[in-house]
Amino acid sequence: MAIKIEHLNYVYSAGTAFERHALKEINLEIPDGQFIGVIGHTGSGKSTLIQHLNGLLQATSGEVYYNGENIYGEGYDRKQLRSRVGLVFQYPEHQLFETDVFTDVCFGPKNLGLPAEEVEARAYEALKLVGLKEKYYKSSPFELSGGQKRRVAIAGILAMNPEVLILDEPTAGLDPKGRDDILDQVKMLHEERGITVLLVSHSMEDIARYVERIIVMNRGQVMFDDTPREVFHHYRELEEVGLAAPQVTYLMHGLQEAGWDIATDATTVEEAADAIRRFLK
Amino acid sequence: MGIIKARKLAHDYFKLDDEGRVESVSRAVDHVDLDVQEGEFVAILGHNGSGKSTLAKHINAILLPSEGTLLVDGNDTKDESKLWDIRQSAGMVFQNPDNQIIGTIVDEDVGFGPENMGVPTEEIWQRVEKSLKAVGMWEYRSHSPNKLSGGQKQRVAIAGVVAMRPKCIILDEPTAMLDPNGRKEVIRTVHGLNKSEHVTVLLITHYMEEVIDADKVIVMDQGKIVMQGTPREVFSRVEELKSYRLDVPQATLVAHELQKAGIDLPDGILSNEELVAALEEYRKGQRNGN
Amino acid sequence: MIREITLGQYYPGNSVIHRLDPRVKLAGTLVFIISLFAFHSVEAYIGATLFLAAVITVSRVPLSFMLRGLKSIFFLMMFTVVFNLFLIKGTPVVSFWIFTITKEGIEMAVSMAIRLIYLVIGSSVMTLTTTPNDLTDGLEKALHPLKKIRVPVHEIAMIMSIALRFIPILLEETDKIMKAQMARGADFESGGLIQKAKSMIPLLVPLFISAFRRANDLAMAMEARGYHGDEGRTKMKPLVYHGRDKMAYLILLGYLVVMFLLNRIGFFAGLWGL
């Protein structure tokens, strides 16, 4: 069992006029190897939550355990934790700073104090994992396209060999092609390397396509925590908090309202088409 | 009368080396012919690097054509004496909401354009009020833009353009950095302006759900216009859209999958409602057939 | 920590002070600062204190906001106080080891501390009650005569107002990049001076790049909205003096006169010292 959160609370700017209870009584377990989607409208606390998982933010109260160890415990190596739980921020390409792609990806492993050969080997592997062509390794990161830059930035985290990978809206601002490329790459990492993935996204369609479990955040609390099928079953409640279900879920409900005796739990295009085909046979 | 008229418009980007010599040339827009009528809502789709933003920047004369001509409301964008007329008749909204708001207070930002045009003070106030009301941001007039959500910031940016009384608004991926609710807000606002003020709209985007209500959809790829027509016409060519790595509404995709499985449905289904109706129709036919 | 810089942070409100013409507030701040340094009797300080307290009360900005600006000058103030306390020669009061604290030293230290504190609070009153745009408008108008000698007054004012708008955005961005690099194992705290300076590179390079990108975007957006400098430009909120502004000027004049008199009383009474 990788991450366990107990009674976590986080208060911003405590004691001032701007005080805000950003997280309230969060209890979560994130076992190894899951592919989890985190959804919630802007300001629901999802970004604050994920920054607790690698110790960037310190809870006001409550505990976070990584592999059974309390990360707030005395002498706990938080820098080490940040390499185990890799966090890719929104628009991660904005953090690139080195003169070439390869050196930039080396930054993470170098900070871990690894020997030079190991650093380079890891950077090499990470760039391969994100599918960047070798001819770009020595070019300036600023000459790449938006999608390529983002992959370099993700490689910068992967080079630290994380066991858990958290991505905060990794497809924001990308076109459909760039979006599919990145998400397919993440899925491959999950399947081939067994990395635990937490994907924060606003796109219910993407979430439905990739994840096996959804955590819904609302007003700093966990509203739902279940399989996509179960969570999207509550599409009316999701709408009330500014979220929605994938478009096909509405299609299935539309059919049911039109008098079809059909299951409404499809969340992807394939599932919907399948269900309709079977119904019409 | 056409408000935007492009003939064989082309634009080259030059990459210079350290000494300022031309290292390479890349053609971003490649012999594009474009006609937009007054009052139309035209959407331009295309993935990043397809040339759609470069094309947009020509209409406001931020970029000038390398080849061909572009007329905006009858003025050639190459004619420098008409520059300010062109910028007034074709307003532009950009992608990043933070980087286009100049004022530190919402109403001051909306007044920025009219100030530049030399509009008398009293009229600026009338225009600011009208524009902010048109985008539904009047209650926020004395707020700092930094405290607004992304969708609200974009609506302020749109109001800033509307206050210049343009005939045409070009929106260059105005929703790319917004969350779904912000996206809906902005698109609803733009449709509202198009309907109530009869402003011509040119919406550039890669979100397909934003274009289904447009009058006309143009698809760009590698600097060229590759598809053009009503949303229904364009979205009935699912395989072709996929080949340009563009999205298709999920209802259209489901219909396409069903068609492939031999279920006879009409082409160009755009929404869940249409698909439900079509499936009902099909089922009726099935029953009658039996 | 970055958010604590209050100078340049507007506190929204609708008090008389908020509504005053920015030129009045600029002049007022200037007059107040001059009064602090020109007059130094106990009576004058009392007068200045009363004036400042009155303005703050009328402005309805919480005192805590005014005091926040003091944090940034804390060290400067301590330095000045200690410096004056020990180095000014005169009548000894206490003496230990090689240090001697004199009566003159105490007087000077106290008065310097008061001046610095009042200076910061006084300017905070202006920045907290005036939108940055009003402030730059005020400066632009007040400095307008300099245009005749080719000082680009409008451009300077425009640069200032844009800078003010982007400071909070860039501060937030700094915070974000810092966290992103920490997620990559960066360490901004430990190490010596050189190590620390070196660790700033992963923060500063992205920050500069972002600032340039924003500047580029903004220039384009301004051009697209027809900005072409000062020529033929009108104002949405032109600066016009109202009755209250004339009143404020009179009050300022009154303040100067009273301070001058207080200082004279203080001067005669002050012959006996504190």
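Please read these numbers as outputs of a predicted model, since none were measured by experiment.

Draft legend 1. View of the overall build of chain A. Helices and strands together make up the secondary structure of chain A, namely eleven helices and ten strands. A compact globule built from 281 residues should have a C-alpha radius of gyration of about 19 Å, and chain A, at 20 Å, falls within 12% of that. Its C-alpha atoms give chain A principal-axis dimensions of about 65 × 50 × 35 Å. The proportion of buried residues among the 281 residues of chain A is 57%. Across chain A, the fraction of contacts at a sequence separation of at least 24, relative to all contacts at a separation of at least 6, is 62%. For chain A, the computed accessible surface area is about 11500 Å², with 45% contributed by carbon and sulfur atoms. Measuring between centres, the 29 positive side-chain charges of chain A sit 4 Å from its 43 negative side-chain charges.

Draft legend 2. Geometry of the environment of Tyr227(C). Mapped onto the elements of the fold, Tyr227(C) is located in the loop between helix H10 (201-224) and helix H11 (243-269). Overall, the relative accessible area of 16% leaves Tyr227(C) in the buried class. Once you skip the residues sitting within four places of it in the chain, Tyr227(C) turns out to touch Trp84(B), Phe112(B), Asn116(B), His154(C), Met158(C), Met222(C) and Arg233(C). Side chain to side chain, Tyr227(C) and His154(C) meet in a polar contact 2.8 Å long.

Draft legend 3. Representation of the sheet that holds strand S9 (residues 216-221) of chain B in the model. All names here are of chain B. The six strands are arranged S6-S7-S8-S3-S9-S10 in an open sheet whose pairing can be described as mixed. Each end of this open sheet is capped by a strand with a single partner; those strands are strand S6 (90-93) and strand S10 (224-229). Across the sheet, the mean angle separating the axes of adjacent strands is 20° when strand polarity is ignored. By the bridge criterion, five bridges tie S9 to S10 in an arrangement that is antiparallel. Across the sheet, the residue bridging to valine 217 is glycine 229, located in S10.

Draft legend 4. Representation of the packing of helix H5 (residues 150-162) of chain B against helix H6 (residues 180-196) of chain B. All names here are of chain B. Put simply, H5 and H6 touch, their axes get as near as 8 Å, and they point 20° apart. Of the possible angle classes, the one that applies to H5 and H6 is roughly parallel. Once H5 is placed against H6, the crossing between them reads as right-handed. Only Gly182, Glu185, Val186, Thr189, Val190 and Leu193 of H6 make contact with H5, whose side of the interface consists of Gly151, Gln152, Gln154, Arg155, Ile158 and Val162. Across the contact of H5 with H6, the residue classes tally to five nonpolar, five polar and two charged.

Draft legend 5. Summary view of the pattern of salt bridges. Under the defined criterion, the tally for this structure stands at 46 salt bridges over all chains. Ionic pairing is found between Arg209(A) and Asp180(A), a salt bridge with its closest N-O pair at 3.6 Å. Of this pair, Arg209(A) sits in helix H7 (residues 204-210) while Asp180(A) sits in helix H6 (residues 176-193), and the two are 29 residues apart along the sequence. Across the pair Glu123(B) and Arg165(B) runs a salt bridge whose closest N-O atoms are separated by 3.8 Å. Of this pair, Glu123(B) sits in helix H4 (residues 121-134) while Arg165(B) sits in the loop between H5 and strand S7 (168-172), and the two are 42 residues apart along the sequence. According to the relative accessible area criterion, Glu123(B) is partly exposed, its value standing at 25%. Arg165(B) gets classed as partly exposed once you look at its relative accessible area, which sits at 47%. One network of salt bridges, in which partners are shared, links Arg179(A), Asp180(A), Asp206(A), Arg209(A) and Asp247(B).

Draft legend 6. Focus on the interface of chain C and chain B. In this assembly, 30 residues from chain C lie in contact with 37 residues from chain B. Buried surface at the junction of chain C and chain B, summed over both partners, amounts to about 3000 Å²; 55% is from carbon and sulfur atoms. For the chain C face of the interface with chain B, the top three residues by lost area are Arg165(C), Arg225(C) and Met236(C), together amounting to 32%. Taken together, the connections running from chain C to chain B amount to five salt bridges. Among the ionic pairs, Arg233(C) bridges to Glu115(B), the shortest N-O distance being 2.9 Å. The interface formed by chain C and chain B contains 18 residue pairs in polar contact (both at pLDDT 80 or more). Elements supplying a minimum of two residues to the side of chain C that touches chain B: helix H7 (132-142), helix H8 (153-183) and H10 of chain C. With nine residues, H10(C) is the single largest residue contributor to the side of chain C that touches chain B. Partitioned by chemical class, the residues of the side of chain C that touches chain B number 13 nonpolar, seven polar and ten charged.

Draft legend 7. Structural view of the interface of chain A and chain C. Taken together, the contact between chain A and chain C spans 21 residues of the former and 18 residues of the latter. Approximately 1800 Å² of surface area, both sides summed, lies buried where chain A meets chain C, with 62% of it carried by carbon and sulfur atoms. On the chain A side of the contact with chain C, His94(A), Gln95(A) and Phe97(A) bury the most area, a combined 31% of that side's loss. One can count one salt bridge joining chain A with chain C. With a shortest N-O distance of 3.0 Å, Asp104(A) and Arg184(C) are connected by a salt bridge.

Draft legend 8. A look at the side chain of Asp30(B). Residue and element names in this part refer to chain B. Note that aspartate 30 resides in strand S2 (residues 22-37). When its relative accessible area of 16% is taken as the criterion, aspartate 30 is described as buried. Polar side-chain contacts of aspartate 30 include one of 2.9 Å to the side chain of lysine 224. Other than its neighbours up to four places away in sequence, aspartate 30 contacts Leu9, Gln222, Gly223 and Lys224.

Draft legend 9. Focus on helix H1 (residues 46-53) of chain A. All names here are of chain A. Among the eight residues that make up H1, seven are buried, leaving the element largely enclosed by the rest of the structure. Those residues of H1 that fall on the buried side of the exposure criterion are Lys46, Thr48, Leu49, Ile50, Gln51, His52 and Leu53. At the exit of H1 stands glycine 55, carrying a positive phi of roughly 75°.

Draft legend 10. Looking closely at the environment of Lys148(C). If you trace the backbone, Lys148(C) turns up in the loop between H7 and H8. Taking the C-alpha atoms as reference points, Lys148(C) and Met78(C), separated by 70 residues in sequence, lie 43 Å from one another.

Draft legend 11. Seen up close, a nonpolar patch on the surface. Residue and element names in this part refer to chain C. There is a patch of nonpolar side chains on the surface, built from Met247, Leu250, Ile251, Leu253, Val257, Phe260 and Leu261 and spanning about 690 Å² of accessible area. Structurally, valine 257 is set in helix H11. The exposure class of valine 257 is partly exposed, given its relative accessible area of 45%.

Draft legend 12. Inspection of the domain arrangement of chain C at higher detail. For chain C, the domain assignment lists domain 1 (1-130 + 241-274) and domain 2 (152-238). The C-alpha centroid of domain 2 of chain C is placed 32 Å from the C-alpha centroid of domain 1 of chain C.

Draft legend 13. Up close: the packing of helix H3 (residues 106-117) of chain B against H5(B). Residue and element names in this part refer to chain B. Two numbers describe how H3 lies on H5: the axes approach to 7 Å, and their chain directions differ by 35°. At the point where H3 passes H5, the crossing takes the right-handed sense. On H5, the residues touching Val106, Asp109 and Val110 of H3 are Val156, Ala159 and Gly160.

About the cut-offs
Residues numbered from 1 in each chain as written. Chains lettered and ligands numbered in written order. Predicted model: local features only at pLDDT ≥ 70, side-chain atom pairs only at ≥ 80, totals over all residues. Heavy atoms only, no water. Helix = DSSP H or I, 4+ residues; strand = E, 2+ residues; numbered from the N terminus. Rg over C-alpha atoms; globule rule 2.2 N^0.38 Å. Buried < 20%, exposed > 50% of the residue type's maximum accessible area, 1.4 Å probe, protein only. Contact = heavy atoms within 4.5 Å. Areas by Shrake-Rupley, 256 points an atom, 1.4 Å probe, with all protein chains shown as cover. Lys, Arg positive; Asp, Glu negative; His and termini not counted. Charge placed at Lys NZ, Arg CZ, Asp CG, Glu CD. Polar contact = N/O pair within 3.5 Å; in protein donor to acceptor, adjacent residues only side chain to side chain. Pairing = 2+ DSSP bridges. Axes fitted to C-alpha atoms, helices over the stretch in contact; angles between N-to-C directions. Parallel < 35°, antiparallel > 145°, perpendicular 65-115°, else oblique. Left-handed = near helix turned anticlockwise from the far one by under 90°. Nonpolar A, V, L, I, M, F, W, Y, C, P; charged D, E, K, R; others polar. Salt bridge = Lys/Arg side-chain N within 4 Å of Asp/Glu carboxyl O. Buried area = accessible area lost by both parts, 1.4 Å probe. Patch = residues over 30% accessible without salt bridge, like charges linked within 9 Å, V, L, I, M, F, W, Y side chains within 5 Å. Domains from an automatic or database assignment.

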